[in-house]
Amino acid sequence: MSSNDDQIAQAERRFGVRFPEDYRHFLATEGSMARFIPPADDFLMINAIAELIEVNEAGDFQERFPGSVVVGGDGSREMLTYDFRQEPPLLVLLDVSAQDWSSAIHQATSLSALLEQFPETGWKGDDSEPSPS
């Protein structure tokens, strides 16, 4: 196994989950990203595997959001989070100050879907677009 595969396996053990295959592939090939995505011009950040444990521990996310793993965000207050309470896990957006899952805004059913739709839609639920119920 490569060092990256070792880090992925270590993070999965730490969080007690198996990451979806498209996310594992992204980590193994791209590693991370942080940029404005045109034409939506929203900022999308996906953390490197080496940052996952630190990012999640810094915000006490597992305590406030059991079954969550923060994997990125908007570069500010909104955290892109896997919701592992269901299978397959959905990607949601959570504000760093949110107290529970009721604040989650559904983004996509997978990382692949998010990356495909993001250039057109940007973050769902920011500005005037209603969040799905």
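Residues numbered from 1 in each chain as written. Predicted model: local features only at pLDDT ≥ 70, side-chain atom pairs only at ≥ 80, totals over all residues. Heavy atoms only, no water.

1. Some words on the confidence of the model for the protein chain
As a general rule, the predicted coordinates of low-pLDDT regions are not to be interpreted in detail. Averaged over every residue, the pLDDT of the protein chain is 91; residues scoring 70 or more account for 92%. The low-confidence segment residues 126–133 (pLDDT under 50) makes four contacts with residues lying over four places distant or belonging to another chain. (pLDDT = per-residue confidence, 0-100. Contact = heavy atoms within 4.5 Å.)

2. Quick word on the packing of helix H2 (residues 21–29) against helix H5 (residues 111–121)
Viewed as axis vectors pointing N to C, H2 and H5 meet at an angle of 70 degrees, and their least axial separation amounts to 7 Å. The orientation of H2 with respect to H5, classified from their angle, is roughly perpendicular. The segment H2 lies against H5, with Asp 22, Tyr 23 and Phe 26 engaging Leu 111, Ser 112 and Leu 115. Here the residues of the contact of H2 with H5 are counted per class, giving four nonpolar, one polar and one charged. (Axes fitted to C-alpha atoms, helices over the stretch in contact; angles between N-to-C directions. Helix = DSSP H or I, 4+ residues; strand = E, 2+ residues; numbered from the N terminus. Parallel < 35°, antiparallel > 145°, perpendicular 65-115°, else oblique. Nonpolar A, V, L, I, M, F, W, Y, C, P; charged D, E, K, R; others polar.)

3. Notes on the packing of helix H1 (residues 3–15) against H2
Packing of H1 against H2 leaves a shortest axis separation of 9 Å and a crossing angle of 140 degrees. On the basis of their axis angle, the class for H1 and H2 is oblique. The chirality of how H1 crosses H2 is right-handed. Taken together, the residues of H2 that come into contact with H1 (itself represented by Asn 4, Ile 8 and Glu 12) are Arg 24, Leu 27 and Ala 28. Split by residue class, the contact of H1 with H2 holds three nonpolar, one polar and two charged. (Left-handed = near helix turned anticlockwise from the far one by under 90°.)

4. Notes on the packing of aromatic side chains
Overall, the coordinates contain eight aromatic pairs when judged by the stated rule. Consider the rings of Phe 36 and Phe 43, whose centres lie 5.1 Å apart with planes at 70 degrees: the pair is edge-to-face. Taking the relative accessible area as the measure of exposure, Phe 36 reaches 54% and is therefore exposed. Taking the relative accessible area as the measure of exposure, Phe 43 reaches 21% and is therefore partly exposed. Note on Phe 65 and Trp 101: the rings are 5.5 Å apart at their centroids and 75 degrees apart in plane angle, and the pair reads as edge-to-face. Of this pair, Phe 65 sits in the loop between helix H4 (61–64) and strand S3 (68–73) while Trp 101 sits in the loop between strand S5 (90–95) and strand S6 (105–108), and the two are 36 residues apart along the sequence. Like Trp 101, Phe 65 is buried. The ring of Phe 61 has Arg 64 sitting right over it, with the charged end atom 5.0 Å from the ring centre. (Phe/Tyr/Trp six-rings, centres within 6.5 Å; stacked < 30°, edge-to-face > 60°. Buried < 20%, exposed > 50% of the residue type's maximum accessible area, 1.4 Å probe, protein only. Lys NZ or Arg CZ within 6 Å of the ring centre and 35° of its normal.)

5. A few points about the pairing of S5
Within S5, five of the six residues are buried, leaving the element largely enclosed by the surrounding structure. Relative to S5, strand S4 (residues 78–83) runs antiparallel, the two sharing six bridges. In the sheet register, Met 79 faces S5, and the bridge partner there is Leu 94. Counting the residues in the hairpin turn of S4 and S5 gives six residues. (Pairing = 2+ DSSP bridges.)

6. Here's the deal with H5
Leu 111, Leu 114, Gln 117 and Phe 118 are the residues of H5 that are buried. Seen along its axis, H5 keeps its buried residues to an arc of 130 degrees; they face one direction. Pointing more than 90 degrees away from the buried face of H5 are the exposed residues Glu 116 and Glu 120. On its buried side, H5 packs onto H2, strand S1 (33–37), strand S2 (42–46), S4, S5 and S6. (Arc of directions from axis to C-beta.)

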